[in-house]
Amino acid sequence: DDHPFGGTSPPAAVFFYSADRTSIHPEQHLAGYAGVLQADAYAGFNALYAPDRKPGPITEAGCWAHARRKLFELADIASQARDKKPAKISPIAFEAVQRFDAIFGLERTINGLSPEAREAARRKDIAPLVNDLIAWMKRERAKLSRHNDVAKAMDYMLKRANIFTRFLEDGRICLSNNTAERELRGIALGRKSWLFAGSDRGGERAAVMLTLIQSAKLNDVDPQAWLADVLARIADHKITDLAALLPWSWRRPIPVDRAA
């Protein structure tokens, strides 16, 4: 979805199935891709960032939502109360979250601008906050044991500072990959209900169906109405004009009697 940086192309979601989390799967899924990949620090992606990769290296961009998440948990009284834990929060984690939120707040004001305008705004207004955050985290981290939970949460970002600051130099990069995370939320919430796909082929079919359904939703199209209409029409539709049936191009046909 390139709308956050002024793009006009319709959004789409693509799902791939893999039987496990080994690195071969992302390498195969993105075999022909060269560009920016924004994700967590999963080691299975590392081969994608190799300088000698063909057709070219993928630029790694850190996700600030992942960096903020653990600190937020350590500063969230409400969630600790729900988990029946002692209502004890870390003042350092609480301040870190406030600093993160200030950066997220400024970032929201430039959504929809061109990459050039976003980069200029970030250089002027956001970069100082990011630099202050990193400097503050380094000072506070030096006071903590490496076994401290806040220290571990800070290390996630501090050890990859160049990856997390890359968005300041490229207006195409978002602050987080929350759009992708939202598309996965339904699967995460419901996976106990569909724990088994039956076979690898079943998993691959499920990924195709999720691609169609979630892409329709991203384009404000009712997936059930769209799929029912496309399946009814596709046998007689021109094979050279399949693009007309994609969610962002599809228009429900007007019934003949209503048109008359």
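Above: the structure in question.
Values in this document were obtained by computation on a predicted structure and should not be read as measured data. (Residues numbered from 1 in each chain as written. Predicted model: local features only at pLDDT ≥ 70, side-chain atom pairs only at ≥ 80, totals over all residues. Heavy atoms only, no water.)

J.: Could you give an account of empty space enclosed by the protein, naming the residues involved and the relevant values?
T.: Rolled over the atoms, a probe with the dimensions of a water molecule shows which regions are left empty. Applying the stated criterion to the full structure yields one cavity of 30 Å³ or more. Of the pockets and cavities examined, the largest cavity occupies roughly 40 Å³. Taken together, Ala39, Asp40, Ala41, Glu60, Gly62, Cys63, Tyr156, Arg160, Ile163 and Phe164 form the lining of the largest cavity. Contributing elements (two or more residues each) for the lining of the largest cavity: strand E2 (59-62) and helix H7 (161-164). Residue composition of the lining of the largest cavity, grouped by class: six nonpolar, one polar and three charged. (1 Å grid on protein atoms, 1.4 Å probe; cavity = no way out; pocket = protein on both sides within 12 Å on 5 of 7 lines; lining within 4 Å. Points joined across faces, edges and corners; volume = space filled by probe spheres on them. Helix = DSSP H or I, 4+ residues; strand = E, 2+ residues; numbered from the N terminus. Nonpolar A, V, L, I, M, F, W, Y, C, P; charged D, E, K, R; others polar.)

J.: I'd like a description of the state of the cysteines, backed by residues and values.
T.: In the structure shown here, the tally under the stated rule is zero disulfides. With no disulfide of its own, Cys63 lies 10.0 Å from the sulfur of Cys174, the closest cysteine sulfur. (Disulfide = S-S within 2.5 Å.)

J.: Would you mind going over the nonpolar core in detail, with residue names and values included?
T.: The biggest cluster of nonpolar side chains holds 34 residues, and the ones touching the most others in it are Trp64 and Leu71. If near-sequence neighbours (up to four positions away) are discounted, Trp64 is found in contact with Phe100, Ile103, Phe104, Val130, Leu133, Met157, Phe164, Phe167, Leu175 and Ser176. With eight residues, the next largest nonpolar core counts Ala216, Val221, Leu227 and Leu245 among its residues. (Core = buried A, V, L, I, M, F, W, Y, C linked by side-chain atoms within 4.5 Å. Buried < 20%, exposed > 50% of the residue type's maximum accessible area, 1.4 Å probe, protein only. Contact = heavy atoms within 4.5 Å.)

J.: Can you tell me about unusual backbone geometry, naming the residues and giving the values?
T.: Following Lys54, the chain continues to Pro55 via a peptide bond in cis, the omega torsion being 10°. With a phi close to 55°, Asp220 is a non-glycine residue in the positive phi region. Residue placement: Asp220 occurs in the loop between helix H9 (200-218) and helix H10 (223-233). The exposure class of Asp220 is exposed, given its relative accessible area of 74%.

J.: Can you break down the packing of helix H4 (residues 91-108) against helix H5 (residues 115-141) residue by residue, with the values?
T.: Put simply, H4 and H5 touch, their axes get as near as 10 Å, and they point 175° apart. By the criterion of interaxial angle, the relationship of H4 to H5 is roughly antiparallel. Contact residues: Ile92, Glu95, Ala96, Arg99, Phe100, Ala102, Ile103, Leu106 and Glu107 in H4; Arg118, Arg122, Asp125, Ile126, Leu129, Val130, Asp132, Leu133, Trp136 and Glu140 in H5. (Axes fitted to C-alpha atoms, helices over the stretch in contact; angles between N-to-C directions. Parallel < 35°, antiparallel > 145°, perpendicular 65-115°, else oblique.)

J.: Let's hear about helix H6 (residues 149-158): which residues, and what values?
T.: Most of H6 sits out of view: seven of its ten residues are buried. Listed in full, the buried residues belonging to H6 are Val150, Ala151, Ala153, Met154, Asp155, Met157 and Leu158. On its buried side, H6 packs onto helix H2 (64-75), H4, H5 and H7. In this structure Asn148 caps H6, since a side-chain oxygen of it lies 2.7 Å from the backbone nitrogen of Val150. (Polar contact = N/O pair within 3.5 Å; in protein donor to acceptor, adjacent residues only side chain to side chain.)

J.: Tell me about the side chain of Arg141, residues and numbers included.
T.: Within the secondary structure layout, Arg141 lies in helix H5. Engagement of the side chain of Arg141 in a polar contact is seen with the side chain of Asp155, the distance being 2.8 Å. Discounting residues that sit within four places of it in the chain, Arg141 has contacts with Arg146, Ala151, Met154, Asp155 and Leu158.

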